[in-house]
Amino acid sequence: MASKAVITGVADTAVGKVDGSTSLGLQAEAAAAAVADAGLSLGDIDGVLCGYSFTEPHLMLSSVVSEFLGIKPSYSIAVQAGGATACAQVMQAAALIEAGICRHVLAVCGDNRLTGMSRDKAVAALSEVGHAQFERPYGISVPSAYALVAQRYMHDYGVTLEHLAGVAVAHRKHAMRNPKAQMRQPITLEDVAKSKPISTPLRLLDCCLISDGGAAVVISAADAARDTRKRGIGVLGTGQMNTHEHIIASPSLTDFGCKQSSRQAFDRAGVTPADIDVAEIYDSFTITLLAELESIGFFARGEAGPAILGGALDLDGQLPCNTHGGLLSYAHSGAAGGMFHVVEAVRQLRGEAEGRQVASPELAFVHGDGGILSAHCSLVLGRN
Amino acid sequence: MSKPLPQPNVVTQRFWSSCKDGRFEFQHCKACGHNQFPPRLTCTACHGADLDWLPSSGRGTVYSFTVVHRAPLESFKADVPYVIAIVALEEGVRAMVNLRGVDPKAVAIGMPIEVFFEPTEGEYPLPQARPR
Ligand SMILES: [Zn+2]
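Worth saying up front: this structure is predicted, and the values here are computed from it rather than measured.

Visitor: Got a minute to help me understand the packing of helix α5 (residues 142–157) of chain A against helix α9 (residues 286–296) of chain A in this structure?
Guide: Helix packing for two helices is described by the angle between their axes and how far apart those axes are. All names here are of chain A. Two numbers describe how α5 lies on α9: the axes approach to 10 Å, and their chain directions differ by 55 degrees. One way to sum up the angle between α5 and α9 is to call them oblique. Relative to α9, α5 is oriented so that their crossing is left-handed. On α9, the residues touching Tyr146, Val149, Ala150 and Tyr153 of α5 are Ile287, Thr288, Leu290, Ala291 and Glu294. Considered class by class, the residues forming the contact of α5 with α9 number seven nonpolar, one polar and one charged.

Visitor: Even after reading the chapter, I still don't get the interface of chain B and chain A, so can you show me in this structure?
Guide: A common measure of how large an interface is: the accessible area buried when the components associate. Each side of the interface is counted separately: chain B has 37 residues, and chain A has 31 residues. Summing both partners gives a buried area of about 3,000 Å² for chain B against chain A, and 62% of it is carried by carbon and sulfur. Together, B:Arg70, B:Pro72 and B:Met96 form the three largest contributors to the area buried by chain B at its contact with chain A, with a combined 24%. Here chain B and chain A share 16 residue pairs in polar contact (both at pLDDT 80 or more) between them. Taken together, the elements giving at least two residues each to the side of chain B that touches chain A come down to α1 (13–20), β4 (59–68), β5 (82–89), β6 (94–98) and β8 (126–131) of chain B. When residues of the side of chain B that touches chain A are assigned to their parent elements, the largest contribution, six residues, is made by β4(B). For the side of chain B that touches chain A, the residue count by class is 25 nonpolar, eight polar and four charged.

Visitor: In this structure, what is going on with the coordination of the zinc ion? I would like to understand it.
Guide: Six octahedral donors around a metal ideally sit at 90 or 180 degrees from one another, while four tetrahedral donors ideally sit at 109.5 degrees. Residues and elements named next belong to chain B. The zinc ion binds to the protein through Cys29 (SG), Cys32 (SG), Cys43 (SG) and Cys46 (SG); the donor distances cover 2.3 to 2.4 Å. Here the zinc ion binds four donor atoms, and the angle range of 101 to 114 degrees at the metal identifies the geometry as tetrahedral. Spacing between the donor residues of the zinc ion along the chain follows C-x2-C-x10-C-x2-C. With Cys29 in strand β1 (residues 25–29) and Cys43 in the loop between β2 (35–36) and β3 (51–55), this pair connects stretches of sequence that are 14 residues apart. Cys29 gets classed as buried once you look at its relative accessible area, which sits at 1%.

Visitor: What is the right way to read the packing of aromatic side chains from this model?
Guide: Each aromatic ring pair is summarised here by two numbers: the centre-to-centre distance and the angle between the ring planes. Across all of its chains, the model carries 15 aromatic pairs over all chains by this definition. With a centroid separation of 4.8 Å and an interplanar angle of 35 degrees, the aromatic rings of A:Tyr146 and A:Phe285 are classed as tilted. Linking A:Tyr146 in helix α5 with A:Phe285 in the loop between β9 (278–281) and α9, this pair joins segments that are 139 residues apart in sequence. Measuring from ring centre to ring centre gives 6.2 Å for A:Phe266 and A:Phe298, while their planes differ by 85 degrees; the resulting arrangement is edge-to-face. Taken together, the residues A:Phe266 in helix α8 (residues 258–269) and A:Phe298 in the loop between α9 and α10 (304–309) connect sequence positions 32 residues apart. Pairwise contacts between aromatic rings join A:Phe134, B:Phe15, B:Trp16, B:Phe24 and B:Phe37 into one cluster. Cation over ring: B:Arg94 sits above B:Tyr63, and NZ or CZ is 3.9 Å from the ring centre.

The rules behind each value
- Residues numbered from 1 in each chain as written.
- Chains lettered and ligands numbered in written order.
- Predicted model: local features only at pLDDT ≥ 70, side-chain atom pairs only at ≥ 80, totals over all residues.
- Heavy atoms only, no water.
- Axes fitted to C-alpha atoms, helices over the stretch in contact; angles between N-to-C directions.
- Helix = DSSP H or I, 4+ residues; strand = E, 2+ residues; numbered from the N terminus.
- Parallel < 35°, antiparallel > 145°, perpendicular 65-115°, else oblique.
- Left-handed = near helix turned anticlockwise from the far one by under 90°.
- Contact = heavy atoms within 4.5 Å.
- Nonpolar A, V, L, I, M, F, W, Y, C, P; charged D, E, K, R; others polar.
- Buried area = accessible area lost by both parts, 1.4 Å probe.
- Polar contact = N/O pair within 3.5 Å; in protein donor to acceptor, adjacent residues only side chain to side chain.
- Donors = N, O, S within 2.8 Å, 3.2 Å for Na, K, Ca; no water.
- Tetrahedral: all angles 85-135°; square planar, octahedral: opposite > 155°, others 65-115°.
- Buried < 20%, exposed > 50% of the residue type's maximum accessible area, 1.4 Å probe, protein only.
- Phe/Tyr/Trp six-rings, centres within 6.5 Å; stacked < 30°, edge-to-face > 60°.
- Lys NZ or Arg CZ within 6 Å of the ring centre and 35° of its normal.

Below, the structure written as structure tokens:
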């Protein structure tokens, strides 16, 4: 199926500890690189969708970014959906193109969360997503909210601490093949088990990184993409589901909106989970990925953990997943964290993933989760 | 820096005032019978606006829990390890609490609890829970 919207350019900056970086600078660097990757110039961009920034927050961030880049887009807006932001930017861009409103949309994110603020301040800022009256007085944090999911999920489906550790180890294995990844030293199941407790059952190595970094993609109208430099990657299907914001209001602690958002994306693309060759799925915590893999239907309930210990997410496994190393081992710099998943999916489909390349993938699935498994956005991408 | 304290608003004032009187109240929809918490302006099931406030028995069970070792704010650092639980009350609503009066290692899903009210530095006490 030919799609109307195609991804024509992708880029990410150096990630990890990027000394001297700023949120705006990382966004500008990623934007320029993505536009160059497409073989376009910044002047060709008529739509700008940016994310959000912790270190340089602004009421109108997309205007700030466009002003900094020196462009005057005819459509511009900031998207804020936590970890679902990047996928939501791509979904919105595809909709703008399908509606004929834009020809070349820049979706850009970047934040210097590691060097721009202390670790304590980053953790405290994230805890503010808790409900002001009914969660925050109890000392809730984002890891604690996911830990509440993990505890219930383990109880209901027989997931073990070793299964969670297996997710962390699988990501590190991917990151070790990626020269850009923030964390590349090998880890074992025992290392995860011995890492310091954060909020039971989650340990330090069950949690994502805090990083500097930026990422951007250019989404173009198919007819406008003929002049671009590389093979366009089709946005074949998109979907969203939003069930709650706060964990106390979640309809379930084990079944989440990724089920419906992925179903929409698969249906619109006319494919099934079994058709997917490579997946890049939000992995803020080990339990996040495990719950998503099973809610989406890539694995039956309780079966992802044992499968992952058996190598299911590896390059030659049943579902090569988070091949760049994910938020757990590649990098996590706010909204850009989710955009790294999009960038990696495109690189895999183009055959540009070098030492971590999956053998000739045709279809990729990308998923972002914002809040506490609250906002979900799914993409099916394919070689057009 | 002190702990975040509840700041009641027009939707939640009734709840927090009841806490001062030792009652945990939830909303009951007169149209469809749905019970809900936290408080809203309308019913999340049928979107009707005719809501009653009913007192909970305060009895329930642990639906999920976590033992926090890494506090998100300076003001909670002296408390670690502390237990955050989501409790399911008999009337079908769920709430977040800290579990008090129990060894964190002994907490389990399904454990019977009762709500009690813990004084804070502010005007309103916080509903908390302990084993029953
Ligand atoms: Zn109702």
